[in-house]
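# What the coordinates show
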Amino acid sequence: MHWSDIAADSLAVLRRGSVIPAHLLALDANRALDVQRQRAMTRYYLDAGAGGVAVGVHSTQFAIRDVSLYQPVLELAMETARTWEPIGGKRPLFMVAGLAGKTQQAVSEARIAHSLGYHAGLLSLAAMKGVSEDELITHCRAVAEVMPLVGFYLQPAVGGIHLPMSFWHRFAQIDNVIAIKMAPFNRYRTLDVIRGVIAAQAEDRVTLYTGNDDHIVLDLATPFTFMRGGQPVSVRIKGGLLGHWSVWTKRAVELLDRIHAAIDAGPLPPDLLALDAQVTDCNAALFDVAHDFHGCIAGCHEVLRRQGLLNGIWCLDPNEGLSPGQAAELSRVHDEYPHLVDDAFVAAHLGRWLA
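The paragraphs below set out a description of the structure included in this document.

Rules behind the numbers
- Residues numbered from 1 in each chain as written.
- Predicted model: local features only at pLDDT ≥ 70, side-chain atom pairs only at ≥ 80, totals over all residues.
- Heavy atoms only, no water.
- Phe/Tyr/Trp six-rings, centres within 6.5 Å; stacked < 30°, edge-to-face > 60°.
- Buried < 20%, exposed > 50% of the residue type's maximum accessible area, 1.4 Å probe, protein only.
- Lys NZ or Arg CZ within 6 Å of the ring centre and 35° of its normal.
- Helix = DSSP H or I, 4+ residues; strand = E, 2+ residues; numbered from the N terminus.
- Pairing = 2+ DSSP bridges.
- Right-handed = clockwise from strand over helix to strand, strands pointing away.
- Contact = heavy atoms within 4.5 Å.
- Salt bridge = Lys/Arg side-chain N within 4 Å of Asp/Glu carboxyl O.
- Axes fitted to C-alpha atoms, helices over the stretch in contact; angles between N-to-C directions.
- Parallel < 35°, antiparallel > 145°, perpendicular 65-115°, else oblique.
- Left-handed = near helix turned anticlockwise from the far one by under 90°.

### Brief notes about the packing of aromatic side chains
- Counted under the stated rule, the structure contains nine aromatic pairs.
- When the centroid spacing of 5.3 Å and the interplanar angle of 40 degrees are considered together, the rings of Y44 and Y45 count as tilted. Here Y44 matches Y45 in class, with each residue buried.
- The structure contains a cluster of three or more aromatic residues connected by ring pairs, namely Y44, Y45, F345 and W353.
- Sitting over the face of the ring of W3, R15 holds its NZ or CZ atom 5.4 Å from the ring centroid.

Here's what the structure looks like:
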């Protein structure tokens, strides 16, 4: 499948910039898939106005592959997206499947995702640690032969590898690369990606998405201008594919809409720019920065548990949970930034999502 085969209305969702939550995993007390709650989460994201969801990614827990849940979880999300009537009516979506492992596994996962109707695969390169840049590009090209790719710069703290500007230049030249999610949580490395895309003259084909949960607002609000052939080239990060946006998603959609409108109107108001620090403060609690991201998935689970979407914060790994003091930090940011949480929205629709 080539990216040009994607329906125009779905492609437009990606290109204009959307909220794409990194879908969490609902488990019961036995750490088995809770189908009702998993489906309710997808319904929540769609009713909140998300442009699609990313499933089988880090926030869904890479370990779903070890317990034969990869295909069932992808199938459930796609079936829910196809059959659910969101608030405001049906609309086009852009659906992303996480792809991981070495080449044989990543190609196999791409075939599964493509067969289920996913539009693109978010390609994690964590399993390729230690190989050369040439081998990385060969790997990416093999997977891109199956379906369109979203590049993924995953931060090293949760398993990612360093990928220099030269890699991103070559990666962006692959014809079936459609977007890149930048999540190194590092300014310098984020600029490496953008410079690589501009050097490849791929800025019109490769849509940039932030995955930097620590710098969401300014990533989306900043024009990035670099030189190419003696001429300035400006690009913008259009949307976000974020674990942070797996919670409080209604507010995320409103925030992105506000940023897009402010960019069109210009200049950006100071109160909008001030949200960057507030959102980052929330993310520090969600992702457990104080303990090197140990509780990053459990923190998101805890928000949805408090709202009633999840019954518990169970992860596939019994050792994953909230860190000391993390629950209190979640309460603090919840209370200090009521304009960033969507408790009332969830309470109003929870019964419908669980039905």
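### A word on the pairing of strand β4 (residues 120–123)
- A two-sided burial pattern is seen for β4, the buried positions comprising A120 and L122 on one face and G121 and L123 on the other.
- Examined bridge by bridge, strand β3 (residues 96–99) and β4 share four bridges and lie parallel to one another. Each bridged residue has a counterpart across the sheet, and for L99 the counterpart in β4 is L123.
- Assessed by its sense of winding, the connection that carries the chain from β3 through helix α4 (residues 103–116) to β4 is right-handed.
- Relative to strand β5 (residues 149–154), β4 is paired through three bridges, and the arrangement is parallel. Note on β5: the bridge partner recorded for G121 is L149.
- With helix α5 (residues 133–144) bridging β4 and the parallel β5, this β-α-β connection has right-handed handedness.

### Concerning the environment of A172
- Here A172 is to be found in helix α6 (residues 165–172).
- A172 sits in the buried class, given a relative accessible area of 0%.
- Sequence separation of A172 and V206 is 34 residues, and the distance between their C-alpha atoms is 7.0 Å.
- With residues near it in sequence (within four places) discarded, A172 still touches G196, V197, A200, A202, R205 and V206.

### Here's the deal with the pairing of β3
- The alternating pattern of β3 places V96 and G98 and A97 and L99 on opposite faces, both of which are buried.
- Bridge count for strand β2 (residues 54–55) against β3 is two bridges, and the pairing is parallel. Bridging across to β3, V55 finds its partner in A97.
- On the question of chirality, the crossover connecting β2 to the parallel β3 by way of helix α3 (residues 70–83) is right-handed.

### Quick look at the pattern of salt bridges
- This structure, assessed with the given rule, holds 14 salt bridges.
- In this structure, E254 engages R251 in a salt bridge whose closest nitrogen and oxygen atoms are separated by 3.0 Å. One end of the pair is E254 and the other is R251, both in helix α9 (residues 249–265) and three residues apart, which spans about a single turn.
- Judged by its relative accessible area of 26%, R251 falls in the partly exposed class.
- Note that R332 is salt-bridged to E336, the shortest N-O span being 3.0 Å. Placement of the pair is R332 and E336 together in helix α12 (residues 326–336), with a separation of four residues, close to one helical turn.
- For R332, a relative accessible area of 24% corresponds to the partly exposed category.
- Where salt bridges share partners, they join D281, E329, R332 and E336 into one cluster.

### Details of the packing of helix α11 (residues 296–307) against α12
- Where α11 contacts α12, the two axes come as close as 11 Å, and the packing angle between them is 60 degrees. Classified by the interaxial angle, the pair formed by α11 and α12 is oblique. Of the two elements, α11 crosses α12, and the hand of that crossing is right-handed. Of the residues in α12, those touching α11 at G299, E302, V303 and R306 are Q326, A327, L330 and S331.

### A short note on the sheet that holds strand β1 (residues 19–21)
- The eight strands lie next to each other as β1-β10-β7-β6-β5-β4-β3-β2, forming an open sheet whose pairing is parallel. With partners counted over all chains shown, the strands left at the sheet margins are β1 and β2, one partner each.
- In this structure, strand β6 (residues 177–183) lies alongside strand β7 (residues 207–210), joined through four bridges in parallel fashion. Bridging across to β7, I180 finds its partner in L208.
- With respect to the sheet, α6 is in contact with β5 and β6, its orientation differing from that of β5 by roughly 170 degrees.

Limitation: the analysis is restricted to geometry and does not speak to function.
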